[in-house]
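# Summary of the model geometry
As a plain string of letters, each chain reads:
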Amino acid sequence: MEKCIESILPGGKEVEILIVDDGSSDRTAEIADAYAEKYPEIVRAIHQPNGGHGAAVNTGLRHATGIYFKVVDSDDWLDPDSYERVRKRLRTLIQLKNLPDMFIANYVYEKEGARHKTVMRQTGFPKERMFGWKDIKHIFKGHYILMHSVIYRTEMLRECGLELPEHTFYVDNIYVYKPLPYVKKMYYMDVDLYRYYIGREDQSVNEKTMIRRIDQQIRVNQIMVHDVNLLAVPDRKCRRYMFNYLEIVTTVTVAMLLLSGTEENLKKRDEL
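Conventions and cut-offs
- Residues numbered from 1 in each chain as written.
- Predicted model: local features only at pLDDT ≥ 70, side-chain atom pairs only at ≥ 80, totals over all residues.
- Heavy atoms only, no water.
- Helix = DSSP H or I, 4+ residues; strand = E, 2+ residues; numbered from the N terminus.
- Axes fitted to C-alpha atoms, helices over the stretch in contact; angles between N-to-C directions.
- Parallel < 35°, antiparallel > 145°, perpendicular 65-115°, else oblique.
- Left-handed = near helix turned anticlockwise from the far one by under 90°.
- Contact = heavy atoms within 4.5 Å.
- Nonpolar A, V, L, I, M, F, W, Y, C, P; charged D, E, K, R; others polar.
- Phe/Tyr/Trp six-rings, centres within 6.5 Å; stacked < 30°, edge-to-face > 60°.
- Buried < 20%, exposed > 50% of the residue type's maximum accessible area, 1.4 Å probe, protein only.
- Lys NZ or Arg CZ within 6 Å of the ring centre and 35° of its normal.
- Pairing = 2+ DSSP bridges.
- Right-handed = clockwise from strand over helix to strand, strands pointing away.

## Overview of the environment of alanine 114
- With respect to the secondary-structure elements, alanine 114 resides in the loop between strand E5 (102–111) and strand E6 (118–120).
- For the pair alanine 114 and leucine 231, spaced 117 residues apart in sequence, the C-alpha separation works out to 43 Å.

Dropping the structure here:
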């Protein structure tokens, strides 16, 4: 957690750091308060009863005062050089009053023990310029944006009524998916900003963990189906992109239900 916070601090007074202590039973509250005391103009510590990842994001969004909003999980961090470049670019866009609704950068899988790091780029998106859905030439079937890549305009997130479910894993997909019909202007910077740590055995993306929490994956999948009427999304390319996104998430859900091999989960697959 300290590594995460230290990686964001170089933003100085330009960046507001909201540390949400979501009913933690470890030293999170203590660490959060220590940083808030040391950097009172930059860091705010927010304490709440445990509500899960979604509740923490909801709280952060309610308290945010910045023009842009980014979620950084406590075991991940930001690359210093990329972070500086992204801040500089956003600063310029704000000064020009040319604000993207969604700013996108790359993320890197920081897998424990791996020599070579996998960089996840945004295939098919125009680079280093403002663009809309019509400017995306090819929407690739297997391509979808993860939370690690996006920086959303704060007011747009509020306008779309984003509210993530509590006590539920895998809400990252809802976070990216639901605002997409409200996204008109995008900007993709080809820098490796977010470092996504993979190493813990109990990590939520671990296959065994996903099977154990399959009901939460199904819940997220169903919320994505019901919360957005894809047929009502006016932009054709946005609609197609969202359909592909939903298809990928559903494929993951079905794969986990099949891998579990239980009769109960096979019935859940059929229902889905």
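## With respect to the packing of helix H8 (residues 214–227) against helix H9 (residues 236–260)
- Packing of H8 against H9 brings their axes to within 10 Å, and their N-to-C directions diverge by 155 degrees. What the angle tells us is that H8 and H9 run roughly antiparallel. Here H8 and H9 pass one another in a crossing that is left-handed. Facing H8, whose interface residues are Ile214, Gln217, Ile218, Asn221, Met224 and Val225, H9 presents Tyr245, Leu246, Val249, Thr250, Val252, Thr253, Met256 and Leu257.
- Partitioning the contact of H8 with H9 into residue classes produces 10 nonpolar, four polar and no charged.

## Section: the packing of aromatic side chains
- Scanning all chains against the criterion turns up 12 aromatic pairs.
- Pairing tryptophan 133 with tyrosine 241 gives two aromatic rings, centres 5.6 Å apart and planes at 50 degrees, and the pair type is tilted. Taken together, the positions of tryptophan 133 in the loop between strand E7 (130–131) and strand E8 (150–153) and tyrosine 241 in helix H9 put the pair 108 residues apart, joining distant regions of the chain.
- With relative accessibility at 4%, the residue tryptophan 133 sits in the buried group.
- Residue classification places tyrosine 241 among the buried positions, given a relative accessible area of 1%.
- Seen from their ring centres, tyrosine 144 and tyrosine 245 are 4.9 Å apart, and the 80 degrees between their planes marks the pair as edge-to-face. Taken together, the positions of tyrosine 144 in the loop between E7 and E8 and tyrosine 245 in helix H9 put the pair 101 residues apart, joining distant regions of the chain.
- A residue is classified by how much of its surface remains accessible, and tyrosine 144, at 27% relative accessible area, is partly exposed.
- Taken together, Phe125, Phe131, Trp133 and Tyr241 form an aromatic cluster joined through their ring pairs.
- In this structure, lysine 3 is placed above the aromatic ring of tryptophan 77, and the distance from its NZ or CZ to the ring centre is 3.6 Å.
- Lying across the ring of phenylalanine 169, arginine 213 places its NZ or CZ 3.5 Å from the centre.

## With respect to the pairing of strand E1 (residues 17–22)
- Bridging between E1 and strand E2 (residues 43–48) involves six bridges; their strand directions are parallel. Bridge pairing in E2 links aspartate 21 to histidine 47.
- For the handedness criterion, the β-α-β arrangement of E1, helix H2 (residues 28–38) and E2 is classed as right-handed.

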